[in-house]
Number of protein chains: 2
Amino acid sequence: MPKLVNEEKRRERIAKAVWNIAADQGLERATIRAVAAECGLSVGSIQHSFRTQEELKRFAMELVVQRVTTRLNDAEGLPFRAGDKAAAIAGLLMETLPLDAEREKEARIWAAFSTAALTDEGLGNYSRQMNSALERFCLRCMQELNGPESPKEDCGIRLEAMHLHSLLDGLTLALLTDPSHARRQETKCIVRNFVEQCAKTR
Amino acid sequence: MPKLVNEEKRRERIAKAVWNIAADQGLERATIRAVAAECGLSVGSIQHSFRTQEELKRFAMELVVQRVTTRLNDAEGLPFRAGDKAAAIAGLLMETLPLDAEREKEARIWAAFSTAALTDEGLGNYSRQMNSALERFCLRCMQELNGPESPKEDCGIRLEAMHLHSLLDGLTLALLTDPSHARRQETKCIVRNFVEQCAKTR
DNA sequence: TGTATTTTGTTGCAGATGTATTATAACCAG
DNA sequence: CTGGTTATAATACATCTGCAACAAAATACA
């Protein structure tokens, strides 16, 4: 029997190297050799874990979707205190925005992949998965905000959830091209205002 | 004296070839040879107009910013009829969204360039220019919506303009990954609701 | 300890890519 | 028509890229 390696961990390590390169050089610079250098492996090792580069990119993007999706689901499960529900939800929403260095990197990674998905049909499904997950999350937030007395099958709330989702995406983009402190503060204000407004109308 | 060619037209023609490739294959596929083939020129001709590929990409992105900026400025200049001001503005805003094939292509082009700008400092300024132009446009729309009696130096309206800007960006992204008819209709609803809501609060 | 089996590292190769160089063709003033 | 200038085209070349092939090392079990 040969050396035993946790193949899944290995694949994740390689995928994270792809993330790093995508975040600060662009996905097109994530060549096999660059990835190998980034995670301190040889080209042969990468090839052992991923037959082709396309497979590697798919896996790297899928892993992003998985991580974010489970994180969103976990957040949904949290109980809200009744008192400051609006503030709690605003905080929850802000956690999805690139307001610190770590989230900014994640957002840059996602921007690279989702743009690549526009011209790479093999990746398109992951974009759609991510959008579904985000929209479910936003819908859940809006329902929580509106209180349990609101109708479950309201068309209006679905549109408001889409509004929220698009707003978060747009704010993310704006923060990526201008990550200044001022912009961050304004972004937080916008999210707070949105939540406030929603809470008021009901 | 030699053959005289309208150099500016030539450069634009080449830049548009870059746009085409970026829109349906991704900016990284816009190699010199691919661009030459796309616009029916030879590699040498491209090189005559652009010394390096980087210069070509910069020009192609700058041209997008110029076009959109002038278009937005033109739109701002139009007079609004007093009667259906909200509807008129909603229509104006929808014109910035990829609700038809032509705008969808433009949005794909812009997505490619703005993502590239995240990891290419030479392009970052164009992203910021575009954002400024869009935000001015949104601010102008909000002011028009609120009527002339609203204070000119309101911090709130600036935030609302940023909200609108981010919303448009996010809606654009969502439409690119799901350009279905249903999604387009929902997008229009969201824009109309936003404008309505803004008009009501004042 | 031996060895079969897997992992890892290196190298080779065909094709793509950016760009410099060179040669040809087109054009207009004289 | 012609000469000189420029536009266009073709090619050359060094580098990069994905991937395959192979060699070397490592390890778990007999």
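For the structure, see preceding data.
Calculation rules
- Residues numbered from 1 in each chain as written.
- Chains lettered and ligands numbered in written order.
- Predicted model: local features only at pLDDT ≥ 70, side-chain atom pairs only at ≥ 80, totals over all residues.
- Helix = DSSP H or I, 4+ residues; strand = E, 2+ residues; numbered from the N terminus.
- Buried ≥ 20, exposed ≤ 12 C-beta atoms within 10 Å, placed from the backbone.
- Contact = placed C-beta atoms within 7 Å.
- Nonpolar A, V, L, I, M, F, W, Y, C, P; charged D, E, K, R; others polar.
- Least-squares fit on C-alpha atoms with pLDDT ≥ 70 in both.
- Core = buried A, V, L, I, M, F, W, Y, C linked by C-beta atoms within 7 Å.
- Axes fitted to C-alpha atoms, helices over the stretch in contact; angles between N-to-C directions.
- Parallel < 35°, antiparallel > 145°, perpendicular 65-115°, else oblique.

Participant: Please give an account of the overall build of chain A that cites residues and values.
Facilitator: Helix and strand counts for chain A come out as nine helices and zero strands. Start at the N end of chain A and walk to the C end: the helices and strands fall as α-α-α-α-α-α-α-α-α. Across its three principal directions, the C-alpha atoms of chain A cover 60 × 40 × 30 Å. The burial tally for chain A puts 36% of its 202 residues in the buried class. Expressed as a percentage of contacts within chain A between residues at least 6 apart in sequence, the contacts between residues at least 24 apart total 65%.

Participant: Lay out the interface of chain B and chain A with the relevant residues and their values.
Facilitator: If you look at the interface, chain B gives 33 residues, while chain A gives 33 residues. Elements with a minimum of two residues in the side of chain B that touches chain A: helix H1 (7–25), helix H6 (101–118), helix H7 (121–146), helix H8 (155–177) and helix H9 (181–201) of chain B. Considering each element in turn, the side of chain B that touches chain A owes the most residues, 14 residues, to H8(B). When the residues that make up the side of chain B that touches chain A are grouped by side-chain class, the tally is 14 nonpolar, twelve polar and seven charged.

Participant: Lay out the relation of the copies chain B and chain A in plain terms, naming residues and giving numbers.
Facilitator: For the pair of chain copies, the relating transformation is a rotation about an axis with a translation along it. Of the transformation placing chain B onto chain A, the axial shift is 0.0 Å and the rotation is 180 degrees, giving an RMSD of 0.0 Å. Seen this way, the second copy is the image of the first under a two-fold rotation axis. Of the interface residues in chain B, 100% have counterparts in chain A that sit at the interface too, so the contact is made through matching surfaces.

Participant: Describe the nonpolar core, listing the residues and the values that go with them.
Facilitator: In terms of nonpolar packing, the biggest core is built from 112 residues, with A:Val18, A:Ala22, A:Phe113, B:Val18, B:Ala22 and B:Phe113 touching the most fellow members. Setting aside residues up to four positions removed in sequence, A:Val18 forms contacts with A:Ala30, A:Val35, A:Leu56, A:Lys57 and A:Ala60.

Participant: Give me the packing of helix H8 (residues 155–177) of chain A against helix H9 (residues 181–201) of chain A: which residues, what numbers.
Facilitator: Residue and element names in this part refer to chain A. Two elements in contact, H8 and H9, have axes separated by 11 Å at closest approach and are oriented at 175 degrees. In terms of orientation, H8 and H9 fall into the roughly antiparallel class. Note on element contacts: H9 touches H8 through Arg-183, Arg-184, Thr-187, Ile-190, Phe-194 and Cys-198, opposite Glu-160, Leu-164, Leu-167, Leu-171, Ala-174 and Leu-175. Among the residues forming the contact of H8 with H9, the class breakdown is eight nonpolar, one polar and three charged.

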